[in-house]
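# Report on the structure
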Amino acid sequence: MEHPENDEAYKGLAVNKGVGPVTTINPYLQRKRFARRKMSAADYVEGILKGDTSILGQAVTLVESTHPDHHAMAQEVIEKCLPYSGNSVRIGISGVPGAGKSTSIDEFGIHVLKEHGGKLAVLAIDPSSERSKGSILGDKTRMEKLSVHPDSFIRPSPSAGSLGGVARKTRETIVLCEAAGYDKIFVETVGVGQSETACHSMVDFFLLIQLAGTGDELQGIKRGIMEMADGIVINKCDGNNVEKCQMAATSFRNALHFFPKPESGWLPKVLTYSGFYGLGIKEIWDMVYEYFAFVKDNGYFAYRRNEQAKYWMYETINEQLRQSFYENPTIVERMTAEERGVLDGKKTSFVAAKELLDTYFALLH
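## What to know about the overall build of the protein chain
The number of helices and strands found in the protein chain is 13 helices and seven strands. Evaluated residue by residue, the protein chain yields a buried proportion of 41% over its 365 residues. Accessible surface, the protein chain as shown: approximately 21,100 Å² in total, 55% of it carbon and sulfur.

## Observations regarding the nonpolar core
Grouped together as the largest cluster of nonpolar side chains are 49 residues, with contacts concentrated most on Ile 48, Leu 56, Val 77 and Leu 176. Once you skip the residues sitting within four places of it in the chain, Ile 48 turns out to touch Ile 55, Leu 56, Ala 59, Val 77, Cys 81, Leu 176, Ala 179 and Ala 180. Leu 146, Val 233, Tyr 273 and Val 288 belong to the second largest nonpolar core, which has 31 residues in total.

## Structural notes on the layout of surface pockets
By volume, the second largest pocket amounts to about 490 Å³. Around the second largest pocket, the lining is made up of 21 residues, and of these Ile 78, Leu 82, Arg 171, Glu 172 and Val 175 lie nearest the centre. When contributions to the lining of the second largest pocket are tallied by element, the ones reaching two or more residues are helix 3 (68-81), helix 6 (163-179) and helix 11 (300-326). Looking at the lining of the second largest pocket, its residues break down into seven nonpolar, seven polar and seven charged.

## Side note on the environment of Asn 241
By secondary structure assignment, the location of Asn 241 is in the loop between strand 6 (231-234) and helix 9 (242-256). Only 2.9 Å separates the side chain of Asn 241 from the backbone oxygen of Lys 236, close enough to count as a polar contact.

## Looking at the side chain of Asn 328
In this fold, Asn 328 is placed in the loop between helix 11 and helix 12 (329-343). Leave out the neighbours within four places in its chain, and Asn 328 touches Tyr 360 and Leu 363.

## As for the state of the cysteines
Within this structure, the stated rule accounts for zero disulfides. The cysteine Cys 245 is free of any disulfide, with Cys 237 supplying the nearest cysteine sulfur at 4.1 Å. Overall, Cys 245 belongs to the buried group, its relative accessible area being 0%.

## Structural notes on empty space enclosed by the protein
The final tally for this structure, using the stated rule, is two cavities of 30 Å³ or more. Here the largest cavity defines a volume of roughly 40 Å³. Looking at the lining of the largest cavity, the elements with two or more residues in it are strand 2 (120-126), strand 3 (152-158) and helix 6. Lining the second largest cavity are Asp 204, Tyr 291, Val 295, Tyr 300, Phe 301 and Arg 304. Taken together, the elements giving at least two residues each to the lining of the second largest cavity come down to helix 10 (281-298) and helix 11. Top contributing element to the lining of the second largest cavity by residue count: helix 11, with three residues. Partitioning the lining of the second largest cavity into residue classes produces four nonpolar, no polar and two charged.

## A closer look at the environment of Ile 234
Here Ile 234 lies in strand 6. The exposure class of Ile 234 is buried, given its relative accessible area of 0%. Placed 23 residues apart in sequence, Ile 234 and Leu 211 show a C-alpha to C-alpha distance of 5.3 Å. Beyond its immediate stretch of four places on either side in the chain, Ile 234 contacts Gln 210, Leu 211, Ala 212, Cys 245, Ala 248, Ala 249, Phe 252, Val 270, Leu 271, Thr 272 and Tyr 273.

## Focus on helix 2 (residues 53-64)
An ideal rise of 1.5 Å per residue puts 16 Å on twelve residues; helix 2 measures up with 16 Å between its terminal C-alpha atoms. Restricting attention to buried positions, one finds in helix 2 the residues Ile 55, Leu 56, Gly 57, Ala 59, Val 60, Leu 62 and Val 63. Put simply, Asp 52 is the residue that caps the front of helix 2, since its side-chain oxygen is 2.9 Å from the backbone nitrogen of Ser 54.

## Description of the packing of aromatic side chains
For the structure shown, the criterion picks out 18 aromatic pairs. Pairing Tyr 300 with Tyr 303 gives two aromatic rings, centres 5.9 Å apart and planes at 40 degrees, and the pair type is tilted. Here Tyr 300 and its partner Tyr 303 are both found in helix 11, three residues apart, which amounts to about one turn of the helix. Looking at Tyr 300, the relative accessible area reads 13%, which means it is buried. According to the relative accessible area criterion, Tyr 303 is partly exposed, its value standing at 37%.

## Notes on the pairing of strand 4 (residues 184-188)
Here strand 4 lies mainly inside the structure; five of its five residues are buried. Residues Lys 184, Phe 186 and Glu 188 point to one face of strand 4 and Ile 185 and Val 187 to the other, with burial holding for every one of them. As paired elements, strand 1 (residues 89-95) and strand 4 share five bridges and run parallel to each other. In the strand pairing of strand 4, Ile 93 is matched with Glu 188.

## Let's talk about the pattern of salt bridges
Taken as a whole and assessed by the stated rule, the structure comprises 16 salt bridges. For Glu 178, the salt bridge is made with Arg 90, and the minimal N-O distance between the two is 2.8 Å. Remark: Arg 90 occurs in strand 1 and Glu 178 occurs in helix 6; sequence separation between them is 88 residues. Each member of the pair, Glu 178 together with Arg 90, is buried. For Lys 269, the salt bridge is made with Glu 290, and the minimal N-O distance between the two is 2.9 Å. Here the residue Lys 269 occupies a position in strand 7 (residues 269-272), and Glu 290 occupies one in helix 10, the gap between them amounting to 21 residues.

The rules behind these values
Residues numbered from 1 in each chain as written. Predicted model: local features only at pLDDT ≥ 70, side-chain atom pairs only at ≥ 80, totals over all residues. Heavy atoms only, no water. Helix = DSSP H or I, 4+ residues; strand = E, 2+ residues; numbered from the N terminus. Buried < 20%, exposed > 50% of the residue type's maximum accessible area, 1.4 Å probe, protein only. Areas by Shrake-Rupley, 256 points an atom, 1.4 Å probe, with all protein chains shown as cover. Core = buried A, V, L, I, M, F, W, Y, C linked by side-chain atoms within 4.5 Å. Contact = heavy atoms within 4.5 Å. 1 Å grid on protein atoms, 1.4 Å probe; cavity = no way out; pocket = protein on both sides within 12 Å on 5 of 7 lines; lining within 4 Å. Points joined across faces, edges and corners; volume = space filled by probe spheres on them. Nonpolar A, V, L, I, M, F, W, Y, C, P; charged D, E, K, R; others polar. Polar contact = N/O pair within 3.5 Å; in protein donor to acceptor, adjacent residues only side chain to side chain. Disulfide = S-S within 2.5 Å. Expected span 1.5 Å × (residues − 1). Phe/Tyr/Trp six-rings, centres within 6.5 Å; stacked < 30°, edge-to-face > 60°. Pairing = 2+ DSSP bridges. Salt bridge = Lys/Arg side-chain N within 4 Å of Asp/Glu carboxyl O.

Structural data, given as structure tokens:
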């Protein structure tokens, strides 16, 4: 017999079935105790003004959210924080991938906090995968010293394929950080291209990190980015690379003479340093603060801030119009038919676009 305990002779015995799979969750747990309290715009503003980094992080998430319900509250929080903003120095940091931007920012940040005090916020725009739409958001792991510093706040944001939107949200995040008492803001860009133009439109000083021996010392990645730079620094100037860096610096200085003089009247300087070994960091920040003294003295600092505010007003209008067009139900319905007409060769792209726009403008009347 397979189970002798089931025999009639043992019927007085009770056989337990055994213990089944045990859940890891306490059955007496009261979930409501752990539910996050729903915060109002006033709660966000109060927390931000107190310098609470947890609430500041939640407010940035609210600003970055694409949910329509969050948009109104985010704008209210930004509006209430606006009177407390504008009191920082905003520095954009860019360079080719692998130039050592994150390592340099780590060194730059520690130096600035040590020498000039105050609080530092690092806003990094991280590239997102076009396939999965995900981001690594790994800047905190590469900024080892700043990530544990009590006076720093690091916030990576995914580009998610929409650089303009992220750039606008980064500008709004700057307002929140300034209201929270951060008097130094670093904005790190994705790499080279459209992000530089967006970054330049929200910072006071644009620092370009270069490498020696990349073969484009004369052109400097792209002429447009060279013209935007207020300072050019060549990283990895250590060991056997020192001579190459010095030669690259000379080439960049010569190249800058061919460009028109900047509106600020400041001639960009070219310096060398080593982010890994922390060499030449002081000279870079002496240059940055020399620039600020120069542009504040000649009035360009205030002029540039005003121009940036005007630029972002028009950018916001463009974005809102675009969003209104593409989210209009009638347009969404007609879009497929117009697209099919173009693909079938029945009408040109321009005619289809005009018909859609005419439909949209007719709806507005």
